[in-house]
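If you want the building blocks of each chain, they are given just below.
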Amino acid sequence: MSLAQLEPTWRAGAACQGATAEHFFPPPTTETRDERTAREAAARELCNGCAVRDACLEYALYVQEPYGIWGGLTEAERRRLRYTPVH
Ligand code: SF4
């Protein structure tokens, strides 16, 4: 599947439209562990109710999006998914 096929269709249904990016991406300065936990929880709450969550996650995995929360998963969680061996 190409990027052109993946991208345009799902963004219109995103629950995070209008939400501030600060929930989904770390701040330019440092954040404490508690601040990160709270930020990620706020983002996941939006993602959990998002109608296009699967498409969003599929897109982020496809483009190997290196930053932020996409489809309810952090970059570290997506990396683990990508590198899970298939048997
Ligand atoms: S799953 Fe989360 S990051 Fe993706 S479009 Fe929905 S609210 Fe936004």
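See the structure shown above.
This section reports on the structure supplied with the text. Note that the coordinates shown come from a computational prediction; the quantities given were computed from them, not determined experimentally.

### Structural notes on the overall build of the protein
Right, on to step 1. Counting secondary structure elements, the protein contains four helices and zero strands.
Right, on to step 2. Listed N to C, the secondary structure of the protein is α-α-α-α in terms of helices and strands.
Right, on to step 3. The proportion of buried residues among the 87 residues of the protein is 26%.
Right, on to step 4. In the protein, the share of contacts with a sequence separation of at least 24, taken over all contacts with a separation of at least 6, comes to 49%.

### Brief notes about the site of the ligand
Right, on to step 1. By nearness alone, every residue bordering the ligand is listed as Trp10, Ala14, Cys16, Phe24, Cys47, Cys50, Arg53, Cys56, Ile69 and Gly71.
Right, on to step 2. Looking at side-chain class alone, the shell around the ligand contains eight nonpolar, one polar and one charged residues.

### Concerning the packing of helix 3 (residues 53-62) against helix 4 (residues 75-82)
Right, on to step 1. The interhelical angle for the contact between helix 3 and helix 4, taken along N-to-C directions, is 75°, at an axis separation of 10 Å. Compared by their axis directions, helix 3 and helix 4 come out roughly perpendicular. Of the residues in helix 4, those in contact with Leu57, Ala60 and Leu61 of helix 3 are Arg78, Leu81 and Arg82.
Right, on to step 2. For the contact of helix 3 with helix 4, the per-class residue count stands at four nonpolar, no polar and two charged.

### Here's the deal with the pattern of salt bridges
Right, on to step 1. Summed over all chains, the structure comprises two salt bridges.
Right, on to step 2. We note a salt bridge from Glu31 to Arg39, for which the minimum N-O separation is 2.7 Å.
Right, on to step 3. Its salt-bridge partner being Arg44, residue Glu77 comes within 3.0 Å of it at the nearest N-O pair. You can see Glu77 sitting in helix 4 and its partner Arg44 sitting in helix 2 (residues 33-48), a full 33 residues away along the chain.
Right, on to step 4. On the basis of relative accessibility, which here comes to 22%, the residue Glu77 falls in the partly exposed class.
Right, on to step 5. Under the relative-accessibility criterion, Arg44 is labelled partly exposed at 24%.

Cut-offs and rules
Residues numbered from 1 in each chain as written. Predicted model: local features only at pLDDT ≥ 70, side-chain atom pairs only at ≥ 80, totals over all residues. Heavy atoms only, no water. Helix = DSSP H or I, 4+ residues; strand = E, 2+ residues; numbered from the N terminus. Buried < 20%, exposed > 50% of the residue type's maximum accessible area, 1.4 Å probe, protein only. Contact = heavy atoms within 4.5 Å. Near = heavy atom within 4 Å. Nonpolar A, V, L, I, M, F, W, Y, C, P; charged D, E, K, R; others polar. Axes fitted to C-alpha atoms, helices over the stretch in contact; angles between N-to-C directions. Parallel < 35°, antiparallel > 145°, perpendicular 65-115°, else oblique. Salt bridge = Lys/Arg side-chain N within 4 Å of Asp/Glu carboxyl O.

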